[in-house]
Amino acid sequence: MSRCKIIWYAFAFGPLKIWQDFLIRVHIERCPDCQKKLISREAVQGITIQESQCVDADSLWNGFEQKVKKTNKNERQVFGPRRRWTYGMVVLLVFLATAIWFIVLPQLRKTRIEERINGHFRINYIRIENKPAQAYVYQPQGSQMIIVWAQKNFRGE
Amino acid sequence: MCKDRNMEDNQLIMSCLKGQTEDFKTLMDKYRGKSLALAWNILGNREDAEDACQEAFVQVYLHLDKFDFTKNFKDWFFTILSNRCLDQLRKRTRFMKFVKTQKAEFKDRMNQAGLNPQHPPLLHSKLLQRLNPRERISVCLWANEGYTSSEIASVLRCSASTARVHLFKARTKLKALLEEENVSL
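What counts as what
Residues numbered from 1 in each chain as written. Chains lettered and ligands numbered in written order. Predicted model: local features only at pLDDT ≥ 70, side-chain atom pairs only at ≥ 80, totals over all residues. Helix = DSSP H or I, 4+ residues; strand = E, 2+ residues; numbered from the N terminus. Buried ≥ 20, exposed ≤ 12 C-beta atoms within 10 Å, placed from the backbone. Contact = placed C-beta atoms within 7 Å. Pairing = 2+ DSSP bridges. Expected span 1.5 Å × (residues − 1). Nonpolar A, V, L, I, M, F, W, Y, C, P; charged D, E, K, R; others polar. Core = buried A, V, L, I, M, F, W, Y, C linked by C-beta atoms within 7 Å. pLDDT = per-residue confidence, 0-100. Arc of directions from axis to C-beta.

### Here's the deal with the overall build of chain B
- The number of helices and strands found in chain B is nine helices and zero strands.
- In chain B, the order of α-helices and β-strands from amino to carboxyl end is α-α-α-α-α-α-α-α-α.
- Looking at the 185 residues of chain B, the share that counts as buried comes to 37%.
- Contacts spanning at least 24 positions in sequence make up 60% of the contacts within chain B whose residues lie at least 6 apart.

This is the structure:
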């Protein structure tokens, strides 16, 4: 009897289901004293609704038919072929617009800048005080700025 | 016997899938009593139970093509039904919370509209009301359908040990409550 008490305490203070299941299988299911603390099948049948009390369940069929019709109608409305096409087209358009915005437009912009730079920036020669100067041209990496440095050509003097 | 029953159910499902909808009525007639009793025990009133049963039957009818013929139809159906019942209980809890927060305003409005605010109906048995829904399902399946822990687990979609613990807790609570109320059975 004292062993049963320990088991029940262990059950109450060990909230893990695996532990509780272990105690049930190992002791409670086999112990006649512990079984007395559990309600019997017949007693549960006495306090619950039985199948025999539900024989007049004809209204189920009528309600069922109405619900099936309603559900079919709703499903048709939600997943109709016309809507499916519309959603498909919308998704496609959004995809195309995103692709154009993020891939095609930046490339176009880049080529346009390059064309502008190539078209407008040209140095044939630089002269200082009517004499050819020594010129340095450089462009910082990743920048559109071009720096031109010119100085007198001392060797030529 | 059980295998014969499975075969019979499977044949009915097959003919339903071929387009003979009358066979679904046969299937429904076969399980309507059991399903209504189970839902009634879980939800506590007939109206909600009928609603849950209808929803479960509709779901079964619409997804009959997904039924796995290697499994038991009754278990599959009871899983769907118990999920419907749990959904209804969740809705009811939400409704009760809403009523609690809006109590005064709600009462005024109902009075103005000439209606009496009704609380959701109580469970058929006060004893069953004290159990949590999963314990209620476990004990009803065990007592009325003769289900074992592993069969209850397949309905509740949990492990056999969890189902065993649910059943054990339900049985212990019910016994203690019966003794408290001095009901002789």
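### Description of the overall build of chain A
- For chain A, the helix and strand inventory stands at six helices and four strands.
- Along chain A, helices and strands appear, N-terminal first, in the series α-α-α-α-α-α-β-β-β-β.
- Across the 157 residues of chain A, 9% fall into the buried class.
- Of the contacts formed within chain A by residues at least 6 apart in sequence, a portion of 26% connects residues at least 24 apart.

### So, the pairing of strand 4 (residues 147-151) of chain A
Residue and element names in this part refer to chain A.
- A small share of strand 4 lies buried, amounting to zero of its five residues.
- Alignment of strand 3 (residues 134-138) against strand 4, held across five bridges, turns out to be antiparallel. Bridging across to strand 4, Val137 finds its partner in Val148.

### Regarding helix 1 (residues 2-13) of chain A
- In this model, helix 1 of chain A (twelve residues) spans 17 Å end to end at C-alpha, consistent with the 16 Å of a helix rising 1.5 Å per residue.
- Burial within helix 1 of chain A is sparse, with just one of its twelve residues counted as buried.

### What about the interface of chain B and chain A?
- Counting residues at the interface gives 36 residues for chain B and 31 residues for chain A.
- Broken down by secondary-structure element, the contributors of at least two residues to the side of chain B that touches chain A are helix 2 (22-43), helix 3 (46-62), helix 6 (126-129), helix 7 (133-144) and helix 9 (160-181) of chain B.
- By residue number, the principal contributor to the side of chain B that touches chain A is helix 9 of chain B, which donates ten residues.
- Among the residues making up the side of chain B that touches chain A, the classes are represented as 19 nonpolar, nine polar and eight charged.

### Description of the nonpolar core
- B:Ala39, B:Cys53, B:Leu81, B:Val139 and B:Ile152 are the most contacted members of the largest nonpolar core, which totals 55 residues.
- Looking at this core, the element that brings in the most residues is helix 2 of chain B, giving eleven residues.

### Digging into the confidence of the model for chain B
Residues and elements named next belong to chain B.
- Predicted confidence across chain B gives a mean pLDDT of 83, with 84% of residues reaching 70 or more.
- Of the regions scoring below 50 in pLDDT, residues 119-123 engages in ten contacts with residues more than four places distant in sequence or in other chains.
- Quick note on the complex model: pTM equals 0.66, ipTM equals 0.77.

### Observations concerning the environment of B:Phe24
Residues and elements named next belong to chain B.
- Mapped onto the elements of the fold, Phe24 is located in helix 2.
- Distance from Phe24 to Val60, taken between C-alpha atoms, is 9.8 Å for residues 36 residues apart in sequence.
- Leave out the neighbours within four places in its chain, and Phe24 touches Cys16 and Tyr61.

### Remarks on the environment of B:Asp65
All names here are of chain B.
- Checked against the element boundaries, Asp65 lands in the loop between helix 3 and helix 4 (73-101).
- For Asp65, a count of 8 C-beta atoms within 10 Å puts it in the exposed group.
- Measuring from C-alpha to C-alpha, the distance between Asp65 and Met14 comes to 9.1 Å, with 51 residues separating the pair along the chain.

### Overview of unusual backbone geometry
- Of note in this structure, A:Glu129 is not a glycine but carries a positive phi near 50°.
- Assignment of secondary structure puts A:Glu129 in the loop between strand 1 (127-128) and strand 2 (131-132).
- With a phi close to 55°, B:Arg157 is a non-glycine residue in the positive phi region.
- Here B:Arg157 shows up in the loop between helix 8 (149-156) and helix 9.
- Using a count of 11 C-beta atoms within 10 Å as the deciding quantity, one classes B:Arg157 as exposed.

### Looking at helix 2 (residues 17-28) of chain A
- Looking at helix 2 of chain A, one finds that the buried residues are A:Gln20, A:Ile24 and A:Ile28. Here the buried residues of helix 2 of chain A occupy an arc of 45° about the axis, which is enough to place them on one side. Within helix 2 of chain A, the exposed residues directed more than 90 degrees away from the buried face are A:Ile18 and A:Val26.
- Turning to helix 2 of chain A, the residues buried within the fold contact helix 1 and helix 3 (32-35) of chain A together with helix 9 of chain B.

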